[in-house]
Amino acid sequence: MRLRSRRVRRAGLNVLGILVALVTLFPILWMVSTAFKPASEIYSLTPHPLPAHPTLGNFRSVIDGKVIGLPYWNFLKNSLFVTLASVIASTLIALLAAIAVARFRFRFRTSYLIMLLIVQMLPQQAMVIALFLDFRSLGLLDNLVGLILVYTAFSLPVTIWMLRNFVAAVPREMEEAAAIDGAGPMRIFWRILLPLVAPGLVATSVFAFIFAWNEFIFALTFLGTDTAKYTLPIYVTYFYGRGTVDWGSIMAASTLFTIPVMAFFLIVQRRMTNGLVTGAAVKG
């Protein structure tokens, strides 16, 4: 009886998991399907989940960039530059801050951690005007470097808190044993602390990447009228015309927009798993 109830429970959980997966994946399936549909099928009164006559015309219009006069690759280059620079900067700064907070005792340490949480509670849109005025006085408007600084600053509170937990989980005894064996601070950092904190670095990089890649408000406000420096989220909005919406191009642009995020996640997922296994083996 107990075995039967366990099987029923397991089957119910499997069915629930499949339903959740279908509900989650359906919008993605519809987006990709619509990207390959001609206009006649998109606006048909009898929608079909798969295109009857697939076409690449929507992708051509997105890649050619006729709607704005610049090719798709220009905006992809800008987004990749801003996102990768933000991820590297925020991860490096957060790692150093997390080590300082987790390993050292200093004055106002607790207040610093609390301030990180308070800053994270503030809505980012509420700081657009103030940051716009500051960046204008510094000459950082219409500049991708200014956008990198904003994305890095907004990613730091969460990344520092996440990395702090990973650093605190590393036993101090391992560092003390290495120091007794004659290892210096840099050798301890590179050979012991960094490999064990690597899964945390990957997790924080995923968060920073998604935030910088999808951000729209600050990019639109700070880049102004310099269309050559626009990022992909701004480029997608150009397919909303006055009174008309080019759904095929929007879905094609959205499909292309999600590919780098999925590729980045698949790459770091394997590294994250390997890092977790390695860290567990070292701790054991």
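Because the structure is predicted, anything quoted here is derived from the model rather than measured.

A. Examining the packing of helix H4 (residues 72-103) against helix H9 (residues 185-214) more closely. Close contact between H4 and H9 brings their axes to 8 Å; oriented N to C, the two are set at 135 degrees. In this view, H4 runs oblique relative to H9, as classed from their interaxial angle. Relative to H9, the crossing made by H4 is right-handed. Judged by residue contacts, Leu76, Ser79, Leu80, Thr83, Leu84, Ser86, Val87, Ser90, Thr91, Leu95, Ile99 and Arg103 of H4 engage Phe189, Leu193, Leu194, Val197, Leu201, Thr204, Ser205, Ala208, Phe209, Ala212 and Trp213 from H9. The class makeup of the residues in the contact of H4 with H9 is 15 nonpolar, 7 polar and 1 charged.

B. Region of interest: helix H5 (residues 109-121). Between its terminal C-alpha atoms H5 stretches 19 Å, which fits the 18 Å expected from 13 residues at 1.5 Å a residue. Taken residue by residue, H5 has Arg109, Leu113 and Leu116 as its buried positions. Axial view of H5: buried residues confined to an arc of 50 degrees, hence all on one face. Along its buried surface, H5 packs onto H4 and helix H7 (144-169).

C. A positive patch on the surface, seen in detail. The grouping of Arg6, Arg7, Arg9 and Arg10 at the surface amounts to a positive patch. In this structure, Arg6 sits in helix H1 (residues 2-35).

Rules used in this analysis
Residues numbered from 1 in each chain as written. Predicted model: local features only at pLDDT ≥ 70, side-chain atom pairs only at ≥ 80, totals over all residues. Heavy atoms only, no water. Axes fitted to C-alpha atoms, helices over the stretch in contact; angles between N-to-C directions. Helix = DSSP H or I, 4+ residues; strand = E, 2+ residues; numbered from the N terminus. Parallel < 35°, antiparallel > 145°, perpendicular 65-115°, else oblique. Left-handed = near helix turned anticlockwise from the far one by under 90°. Contact = heavy atoms within 4.5 Å. Nonpolar A, V, L, I, M, F, W, Y, C, P; charged D, E, K, R; others polar. Expected span 1.5 Å × (residues − 1). Buried < 20%, exposed > 50% of the residue type's maximum accessible area, 1.4 Å probe, protein only. Arc of directions from axis to C-beta. Patch = residues over 30% accessible without salt bridge, like charges linked within 9 Å, V, L, I, M, F, W, Y side chains within 5 Å. Areas by Shrake-Rupley, 256 points an atom, 1.4 Å probe, with all protein chains shown as cover. Salt bridge = Lys/Arg side-chain N within 4 Å of Asp/Glu carboxyl O. Lys, Arg positive; Asp, Glu negative; His and termini not counted. Charge placed at Lys NZ, Arg CZ, Asp CG, Glu CD.

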